[in-house]
Amino acid sequence: MATEILMPALSPTMEEGTLAKWLVKEGDTVASGDIMAEIETDKATMEFEAVDEGVIGKILIAEGTEGVKVNTPIAVLLEDGESADDVADAKPAAAQTDTDEPAAAAPAAAVPVKPKVVEEALPEGTKMKTQTVREALRDAMAEEMRIDEDVYLMGEEVAEYQGAYKVSQGLLDEFGAKRVIDTPITEHGFTGIAVGAAFGGLKPIVEFMTFNFAMQAIDQIINSAAKTLYMSGGQMGAPMVFRGPNGAAARVGAQHSQDYAAWYASIPGLKVVQPYSAADAKGLLKSAIRDPNPVVFLENEILYGQTFEVPDMDDYTVPLGKARIWREGDDITLVSFGIGMKYALEAADKLAAEGVAAEVIDLRTIRPMDHDTVIESVKKTNRCVTIEEGFPVCSIGNHLSAVLMEQAFDYLDAPVINCTGKDVPMPYAANLEKLALVTTDEVIEAANKVLYR
Amino acid sequence: MHFGTFCGKNSLTLNYLTNGVFMAAKKPKQANVSKDDLLHYYREMLLIRRFEEKAGQLYGMGLIGGFCHLYIGQEAVVVGLEAAAEEGDKRVTSYRDHGHMLACGMDPKGVMAELTGREGGYSKGKGGSMHMFSKEKHFYGGHGIVGAQVPIGAGLAFADKYKGNGRVSFAYFGDGAANQGQVYETFNMAALWELPVIFVIENNQYAMGTSQQRSTSSAEIWERGKAFGIPGEAVDGMDVLAVREAGEKAVAHCRAGKGPYILEVKTYRYRGHSMSDPAKYRTREEVQKMREERDCIERVREMLLTGKHASEDELKAIDKDIKAIVNEAAEFSKESPEPDVSELYTDIYADEIPQEVA
């Protein structure tokens, strides 16, 4: 029986890819292990092998097609004795496209409001370019390394492999092995070496393959990097950046899926950044590299491949410690950061359709936290929901709730609700993983609750 | 397994220290040392000892709080190695750090005032005994986490190599820290990247209260460097000249760009691990024997006298000088005011951002 060859998932976060090249043509016989095609994922170009033997009956997706969803049939494999005619009715499947879920039916009386999107204030005439978060982070490092010889990058696979998530792509070629340094797999050790290098006058960027592995090095980050300026009476500190993906990726289980924002945010002496958009990723990373303090820069693997508009400027920076208002609204304040912003913005869209104008704030920097922007917003809306992927106990939302209770108590018309990841280690099963993460629906539900709807 | 057999293979370490076997085997040539050098080492070691005795006193009076780890007995290690260092070389060590600070030229007044937690201390009273630094003297701490200073020391060397300035770094740690994983992570990278760092293992025989025999699988800790291709040697740490000689060799190795070097300096601390340690894990006789037979200061004193480099009176004058310096430091440390309350919220960030207020 003819079998369909499907577009493969070649990384944990791959949802679609480019069918770059067919290495077989219709009528060719393939054996298990033969390379049939080259497929570009968000991270790399991978070779795609045949797992069964047979004859290529039909190629359904032409080479060069972009945006082919995982599991889309891309070819048909015939067994002995079958002919291509047998599969004549196998339709060349167009790449599947996402269909948005229908928006929840708005209450009859609700009049949709138009979201008031807030544009960033940029110099007049600033051109924008479309970039992935990954490219924006790379450009930030490259730009800072060009202007400051003391900035260097070290971590696992950052140089010759071009970055485990391809964030450091091209940096080795431009800056050489002295400044782009592959380390052994030894987080505690190389983090300590980087702290020493910072004491010695350099400005290291330490890439953790993921922040889960930084737990091996957390003593050096906190006890050595964060506290030395204080312990030395201001004589010496550690101007450096610790960066890498943080939080859940996709289906990588409990030990590889944790958001550390609240852990690091509790440490005086550290600054903590967690960007959402590519523009912020770039502008904040440049500021973090220039900052005279140790900065923990929490990225997100799922966001790496997402595209945003980035100002096309010679030196685009975003100050640390300043939140960004993405949407203005008078009815409720949604506060988030990092990938949580995805749910906050989606929820704001759906709420708008139901006539609720949500103000959406991206904290961007977790420490020092821009309380003022949140408080000012809550003074206007009188209601607040926080959204993050981290665990619920001692979360960033818990902290913000306390700040609002202390400083804006009289303005609150409802308790603040914290939407967080669930209080469980991340499960592997796809359905359970979905349940463990915060969802847009939960944000809407929380919003309705504080709006007493 | 019988315990005696169990620990038999490295019980030699202490024996050769107490019996002086080591010294007999590697007796340094006295001819190589000038009168001025000997007098200098004598002064330096005596300063550390008297300073530490005074610190112990102030601790007893409640003027020094928290943990306080005295260096008495180990003075030859830092004085010998500082004699091998050049201006601009860097050093980093653990929490038993007072000796290192005095030996690299930091002001005894500032060190003592930090011990008492006063404004005039090196860290304005905010670091304490275990956390002190001097950018000016290239002293990078003073670290309270056992072993954490080892990769930091290699990182200082990394920065020097990056800048190509020809400096070397001394990363001091104890026999206890030598069992921390990050030490070996660091050995690997230091060797791989040929960093100009000297790993100084101050083997004082006890990791807090646990003897080397009971904590460490190898009798010769420096030999662990062989697994990484790092050369090294054991040194009699009760002999300042032996330490200097080994230090010079190590410094030359590093400065020539040949990568790291390990010195395992066999030494002995006379006092407990910290001020609150009754030291029940060793006999009074063991300590007494070391003091009487191997004391590093006595040894130099004898050399000075037998070599007719100095008279009893001259040495007495030095003792008096040192006592005055230490008394002055103690007075300063009592008179210096406590830090202003505003200091609570300074030096947390280099750009002084507002703190969370509870």
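Thresholds applied
- Residues numbered from 1 in each chain as written.
- Chains lettered and ligands numbered in written order.
- Predicted model: local features only at pLDDT ≥ 70, side-chain atom pairs only at ≥ 80, totals over all residues.
- Heavy atoms only, no water.
- Helix = DSSP H or I, 4+ residues; strand = E, 2+ residues; numbered from the N terminus.
- Buried < 20%, exposed > 50% of the residue type's maximum accessible area, 1.4 Å probe, protein only.
- Contact = heavy atoms within 4.5 Å.
- Areas by Shrake-Rupley, 256 points an atom, 1.4 Å probe, with all protein chains shown as cover.
- Rg over C-alpha atoms; globule rule 2.2 N^0.38 Å.
- Lys, Arg positive; Asp, Glu negative; His and termini not counted.
- Charge placed at Lys NZ, Arg CZ, Asp CG, Glu CD.
- Salt bridge = Lys/Arg side-chain N within 4 Å of Asp/Glu carboxyl O.
- pLDDT = per-residue confidence, 0-100.
- Disulfide = S-S within 2.5 Å.
- Phe/Tyr/Trp six-rings, centres within 6.5 Å; stacked < 30°, edge-to-face > 60°.
- Buried area = accessible area lost by both parts, 1.4 Å probe.
- Polar contact = N/O pair within 3.5 Å; in protein donor to acceptor, adjacent residues only side chain to side chain.
- Axes fitted to C-alpha atoms, helices over the stretch in contact; angles between N-to-C directions.
- Parallel < 35°, antiparallel > 145°, perpendicular 65-115°, else oblique.
- Left-handed = near helix turned anticlockwise from the far one by under 90°.
- Nonpolar A, V, L, I, M, F, W, Y, C, P; charged D, E, K, R; others polar.
- Pairing = 2+ DSSP bridges.

> Please explain the overall build of chain B as it appears in this structure.
On a plain count of helices and strands, chain B comes out with 14 helices and eight strands. Relative to its full complement of 358 residues, chain B shows a buried share of 59%. Restricting to contacts in chain B with at least 6 residues of sequence separation, those with at least 24 account for 75%. By element, 52% of the accessible surface of chain B is carried by carbon and sulfur atoms, the whole surface being about 14500 Å².

> Mind showing me how you'd approach the overall build of chain A here?
Each helix and strand counted, chain A has 13 helices and 23 strands in total. In terms of overall dimensions, chain A is globule-like: its C-alpha atoms have a radius of gyration of 24 Å, near the 22 Å expected for 453 residues. With the principal axes as the frame, chain A shows a C-alpha extent of 80 × 65 × 50 Å. A total of 453 residues make up chain A; the buried ones form 57% of that total. Long-range contacts, defined here as pairs at least 24 residues apart, represent 76% of the contacts in chain A between residues at least 6 apart. Accessible area of chain A: about 18800 Å², with a carbon and sulfur share of 51%. Each charge class in chain A can be summarised by its mean position, and for the 38 positive and 73 negative side chains these summaries are 7 Å apart.

> Looking at this structure, I do not really get the pattern of salt bridges. What am I missing?
Opposite charge on two side chains makes pairing possible when the charged atoms of those side chains draw close. A complete count under the given rule lists 51 salt bridges over all chains for this structure. Glu-442 of chain A is the salt-bridge partner of Lys-422 of chain A, the closest N and O atoms lying 2.9 Å from each other. You can see Lys-422 of chain A sitting in the loop between strand 23 (417–419) and helix 12 (430–436) and its partner Glu-442 of chain A sitting in helix 13 (residues 440–450), a full 20 residues away along the chain. Its salt-bridge partner being Lys-124 of chain B, residue Asp-347 of chain B comes within 2.9 Å of it at the nearest N-O pair. A residue pair is termed long-range when its members are at least 10 positions apart, and Asp-347 of chain B in the segment after helix 14 (312–335) and Lys-124 of chain B in the loop between helix 7 (108–115) and strand 2 (139–142) qualify at 223 residues. In the salt-bridge network here, residues are joined through shared partners; they are Glu-143, Glu-144, Lys-282, Lys-286, Arg-290 and Asp-315 of chain A.

> Where do I start with the confidence of the model for chain A in this structure?
Parts of the prediction with low pLDDT should not have their coordinates interpreted in detail. On average, chain A scores 92 in pLDDT, and the residues at 70 or more come to 94%. Low pLDDT, under 50, characterises residues 92–107 of chain A; the predicted model gives this stretch 17 contacts beyond four residues in sequence or across chains.

> For this particular structure, what's the right way to read the state of the cysteines?
Note on terminology: a disulfide is the covalent bond linking the sulfur atoms of two cysteines. Residue and element names in this part refer to chain A. Per the stated rule, a full pass over the model turns up zero disulfides over all chains. Counting only cysteine sulfurs, Cys-419 is the nearest neighbor of Cys-394, a cysteine outside any disulfide, at a range of 18 Å. Residue classification places Cys-419 among the buried positions, given a relative accessible area of 6%.

> What exactly am I supposed to notice about the packing of aromatic side chains here?
For any two aromatic rings, the description comes down to two numbers: the centre-to-centre distance and the angle of the planes. Applying the stated criterion across every chain, the model contains 21 aromatic pairs over all chains. Where Tyr-276 of chain A meets Phe-308 of chain A, the ring centres are 5.2 Å apart and the plane angle is 80°; that geometry is what we call edge-to-face. Pair noted here: Tyr-276 of chain A is in the loop between strand 15 (271–273) and helix 7 (278–290) and Phe-308 of chain A is in strand 17 (residues 307–311), with a separation of 32 residues, a long-range link. For Phe-308 of chain A, a relative accessible area of 14% gives the class buried. Seen in terms of ring centroids, Phe-158 of chain B and Trp-193 of chain B are 6.0 Å apart; in terms of plane orientation they differ by 65°. Their pairing is edge-to-face. With a gap of 35 residues between them, Phe-158 of chain B in helix 8 (residues 149–163) and Trp-193 of chain B in the loop between helix 9 (181–192) and strand 4 (197–203) connect regions that are remote in the sequence. Across the pair, Trp-193 of chain B and Phe-158 of chain B agree in class, each one buried. Through a chain of ring-to-ring contacts, three or more aromatic side chains come together here, namely Phe-190, Phe-208, Phe-211, Phe-242, Tyr-260, Trp-263 and Tyr-264 of chain A.

> Honestly, the interface of chain A and chain B in this entry has me stumped. Any pointers?
Accessible area lost upon the coming together of the parts is a frequently used measure of interface size. Contacts between chain A and chain B engage 50 residues on the former and 40 residues on the latter. Overall, the association of chain A and chain B removes approximately 3700 Å² of surface from exposure, summing both partners, and the carbon and sulfur fraction of that is 64%. For chain A, the biggest contributors to the area lost against chain B are Ile-193, Tyr-230 and Met-231 of chain A; these three give 20% of the whole. Linking chain A with chain B are one salt bridge, by the criterion used here. Lys-271 of chain A is the partner of Asp-351 of chain B in a salt bridge, and the nearest nitrogen-oxygen pair spans 2.7 Å. Remark: the boundary between chain A and chain B carries 23 residue pairs in polar contact (both at pLDDT 80 or more). By residue number, the principal contributor to the side of chain A that touches chain B is helix 3 (residues 187–199) of chain A, which donates ten residues.

> What is the right way to read the packing of helix 7 of chain B against helix 14 of chain B from this model?
Between two packed helices, the angle of one axis relative to the other and the distance separating the axes together describe the packing. Residues and elements named next belong to chain B. Axis separation between helix 7 and helix 14 bottoms out at 8 Å; the angle between their running directions is 45°. With respect to their mutual orientation, helix 7 and helix 14 come out oblique. Seen along the crossing, helix 7 lies across helix 14 with a hand that is right-handed. In contact with Pro-108, Lys-109, Met-112 and Ala-113 of helix 7, helix 14 contributes Ile-325, Glu-328, Ala-329, Ala-330, Phe-332 and Ser-333. A breakdown of the residues in the contact of helix 7 with helix 14 according to their chemical character gives seven nonpolar, one polar and two charged.

> Help me understand helix 13 of chain A, please; the structure alone is not making it clear to me.
Because an α-helix completes one turn every 3.6 residues, residues spaced three or four positions apart along the sequence face the same direction. All names here are of chain A. Among the residues of helix 13, Thr-440, Val-443, Ile-444, Ala-446, Ala-447, Asn-448 and Val-450 are the ones counted as buried. As for helix 13, its buried residues are in contact with strand 19 (332–336), helix 9 (340–353), strand 22 (384–387) and strand 23. Looking one or two residues beyond helix 13, the residue adopting positive phi is Tyr-452, at roughly 50°.

> Is there a simple way to think about the pairing of strand 11 (residues 151–155) of chain A in this case?
Residue and element names in this part refer to chain A. Extensive coverage of strand 11 is indicated by the burial of five of its five residues. Neither face of strand 11 is exposed, since Val-151, Leu-153 and Gly-155 on one face and Tyr-152 and Met-154 on the opposite face are all buried. Where strand 11 and strand 13 (residues 203–207) come together, five bridges link them in parallel fashion. Paired with Leu-153 across the two strands is Ile-205, which belongs to strand 13.

> Explain the sheet that holds strand 2 of chain B here, please?
Strands pair in a sheet through their backbones, by hydrogen bonds, and they do so in one of two ways: parallel or antiparallel. All names here are of chain B. One open sheet accounts for six strands, arranged 2-1-3-4-8-7; its pairing is parallel. Looking at which strands have only one partner, the edges of the open sheet turn out to be strand 2 and strand 7 (232–236). Averaged over all pairs of adjacent strands, the angle between strand axes in this sheet comes to 15°, irrespective of strand direction. Two strands pair when backbone bridges link them, and strand 7 and strand 8 (residues 261–266) are joined in this way by five bridges, in the parallel orientation. Bridge pairing in strand 8 places Glu-233 opposite Leu-263. Those strands touched by helix 5 (residues 75–84) are strand 1 (90–93), strand 3 (169–174), strand 4 and strand 8, and its axis lies near 165° from that of strand 3.

> So what exactly am I meant to see when it comes to the sheet that holds strand 5 (residues 45–49) of chain A here?
All names here are of chain A. Read across the open sheet, the four strands follow the order 5-4-2-7; overall the sheet is antiparallel. Where the open sheet ends on each side, the last strands, each with one partner, are strand 5 and strand 7 (65–69). Pairs of neighbouring strands in the sheet enclose a mean axial angle of 40°, with direction left out of account. Pairing between strand 2 (residues 16–22) and strand 7: three bridges, direction antiparallel. From the neighbouring strand, Glu-16 faces strand 7, where its bridge partner is Lys-69.

> Which parts of the structure should I look at to understand the packing of helix 4 (residues 35–60) of chain B against helix 5 of chain B?
All names here are of chain B. At their nearest, the axes of helix 4 and helix 5 sit 9 Å apart, and the two run at 140° to each other. One way to sum up the angle between helix 4 and helix 5 is to call them oblique. For the element pair helix 4 and helix 5, the recorded crossing hand is right-handed. Only Glu-75, Ala-76, Val-78, Val-79 and Ala-83 of helix 5 make contact with helix 4, whose side of the interface consists of Tyr-41, Glu-44, Met-45, Ile-48 and Arg-49. Its residues placed into classes, the contact of helix 4 with helix 5 shows seven nonpolar, no polar and three charged.

> Is there a simple way to think about the side chain of Asp-148 of chain A in this case?
All names here are of chain A. Positionally, Asp-148 belongs in the loop between helix 1 (133–147) and strand 11. At 2.9 Å, the side chain of Asp-148 and the backbone nitrogen of Asp-150 are in polar contact. Among residues more than four places away in sequence, those in contact with Asp-148 are Arg-179 and Lys-203.

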